[in-house]
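Understanding the architecture of this molecule
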Amino acid sequence: MGLANSPPQMEGLREKKMKMVVHLHPSRASNVQQGVREILNSLLVRFNEHFDGSVLAHSDTKIQGRTAAILEGLSPYFCVRLTTTLLLFTPKVGFFVEGKVNKVEEDYLGVVVLGLFNAAIGSSDIRSELAYCEGEDGTKVWMNESDDRHCIQIGSLIRFSVKSVQENEEIVDLTGALLAPQTGCVKYLALESKDRVKVENTHRISDNGEKRSKHKESRNAEESIVASEGTNEHTPKKKKKRKDKNETGGDSSAKKRRKSLDVSSL
């Protein structure tokens, strides 16, 4: 399986290049690559302690060498060494992950992560600004009472923090929380981020405007002082320059402008 359509990056998702040894039955000797592919496919979506997570995909698999050793004893299997790149999901407590809501109730939210893993968020782990409510048509939502743009319902993509991870018969189950401010409906978090950037840019423009104004006032004050001093001490020279300009036909337009498994990591 390739990684071309791998899900967007989030905490707990990572690619890792591995060295592995797999054991194939002699019936696979005529098509070793097919046998290797079947072994790798059997690892998918199952928690594996060697990887400390679940394998979502594998790619760039290369078999090392053209010969293989047959296991000693009664077992007819032979060993094949290979390298492969695995896409792993290794969630940890405190990680932020995303999933789609598939259940909305007064006491919890049900979420599916990556379309594969179930997660549950209890009402006690949802921050107080979000309240459960039902519409007249029976629609169930968790909504921000002060900003109805933040609405979580079935189909919403949400970001939550991992509270616990359980491996049940090689299947990973998660419990989560919506207590941190960076958790909630992903669409709303994106809008909130844009609003924050606009406010910061407005403050930055205002600050720069004040600095330019102060600089301009300071510059005008300095020019006034220079002009005053020039009037007292250098008036004759200025008169002489004006006279010279009049004699040579100069005018103001002539002034200059200023410019600015058996596995191991590779």
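Just so we're clear, the structure is a prediction, and the values are computed from it rather than from any experiment.

1. Brief notes about the nonpolar core
Within soluble globular proteins, side chains that are nonpolar tend to cluster in buried spots. Counting residues in hydrophobic clusters, the biggest one holds 28 residues, and the most contacted among them are F89, L109, V113, I121, W142, I152 and F160. Among the secondary structure elements, those contributing two or more residues to this core are β3 (53-63), β4 (78-89), β5 (96-104), β6 (108-113), β7 (117-122), β8 (130-134), β11 (157-168) and β12 (171-177). Dropping the residues within four chain positions of it, I121 is found in contact with D107, Y108, L109, V111, I126, I158, F160, G176, A177 and L178. Core analysis: the second largest hydrophobic core is formed by 15 residues, M18, M20, L43 and F51 among them.

2. Side note on the pairing of β11
Judged from the five bridges that link them, β5 and β11 form a sheet pairing that is antiparallel. Bridge pairing in β11 places V97 opposite F160. Examined bridge by bridge, β11 and β12 share seven bridges and lie antiparallel to one another. Pairing of V165 across the sheet is with L174, part of β12. In this antiparallel pair of consecutive strands, β11 and β12, the connection spans two residues, and E169 shows a positive phi of 55°.

3. Re the pattern of salt bridges
When the charged atoms of two side chains with opposite charge come close together, those side chains can pair. Counted according to the given criterion, the structure contains nine salt bridges. The salt bridge partner of R46 is E170, with a shortest N-O separation of 3.0 Å. Residue R46 is found in the loop between α1 (32-41) and β2 (47-48), and its partner E170 is found in the loop between β11 and β12; the two are separated by 124 residues along the sequence. Of the residues examined, R46 reaches a relative accessible area of 39% and is grouped as partly exposed. A salt bridge links D147 to R149, with the shortest nitrogen-to-oxygen separation between them at 3.2 Å. According to the relative accessible area criterion, R149 is partly exposed, its value standing at 42%. Put simply, K103, E105 and K140 are held in one network by salt bridges that share partners.

4. Quick notes on the sheet that holds β8
Strands sit in the order β8-β9-β10 across an open sheet of three strands; the sheet is antiparallel. Two strands bound the open sheet, and with one partner strand each, they are β8 and β10 (151-152). In the sheet, strand β9 (residues 140-144) pairs with β10 via two bridges, with the strands oriented antiparallel. Bridging from a neighbouring strand, M143 pairs with C151 of β10.

5. Details of the side chain of H150
Relative to the helices and strands, H150 is located in the loop between β9 and β10. Within polar-contact distance, the side chain of H150 engages the backbone nitrogen of C185 at 3.1 Å. Every residue in contact with H150, bar those within four places of it in the chain, is listed here: R127, L130, W142, M143, N144, T183, G184, C185 and Y188.

6. Digging into α1
All buried positions along α1 are accounted for by G35, V36 and L40. All buried residues of α1 fall inside an arc of 135° around its axis, so they share one side. Looking at the buried residues of α1, the elements they touch are β1 (13-24), β3 and β4.

7. Things to note about the state of the cysteines
Summed over the entire model, instances satisfying the criterion amount to zero disulfides. C133 supplies the cysteine sulfur nearest to C151, a cysteine that is in no disulfide, at a spacing of 7.0 Å.

8. Let's talk about the side chain of R127
Residue position: R127 is located in the loop between β7 and β8. Leave out the neighbours within four places in its chain, and R127 touches H150, L178, L179, A180, P181 and T183.

9. With respect to unusual backbone geometry
The phi torsion at D52 lies on the positive side, around 55°, for a residue other than glycine. In this structure, L114 takes a positive phi of about 60° despite not being glycine. By the secondary structure assignment, L114 is in the loop between β6 and β7. Since its relative accessible area comes to 25%, L114 is described here as partly exposed.

Thresholds applied
Residues numbered from 1 in each chain as written. Predicted model: local features only at pLDDT ≥ 70, side-chain atom pairs only at ≥ 80, totals over all residues. Heavy atoms only, no water. Core = buried A, V, L, I, M, F, W, Y, C linked by side-chain atoms within 4.5 Å. Buried < 20%, exposed > 50% of the residue type's maximum accessible area, 1.4 Å probe, protein only. Helix = DSSP H or I, 4+ residues; strand = E, 2+ residues; numbered from the N terminus. Contact = heavy atoms within 4.5 Å. Pairing = 2+ DSSP bridges. Salt bridge = Lys/Arg side-chain N within 4 Å of Asp/Glu carboxyl O. Polar contact = N/O pair within 3.5 Å; in protein donor to acceptor, adjacent residues only side chain to side chain. Arc of directions from axis to C-beta. Disulfide = S-S within 2.5 Å.

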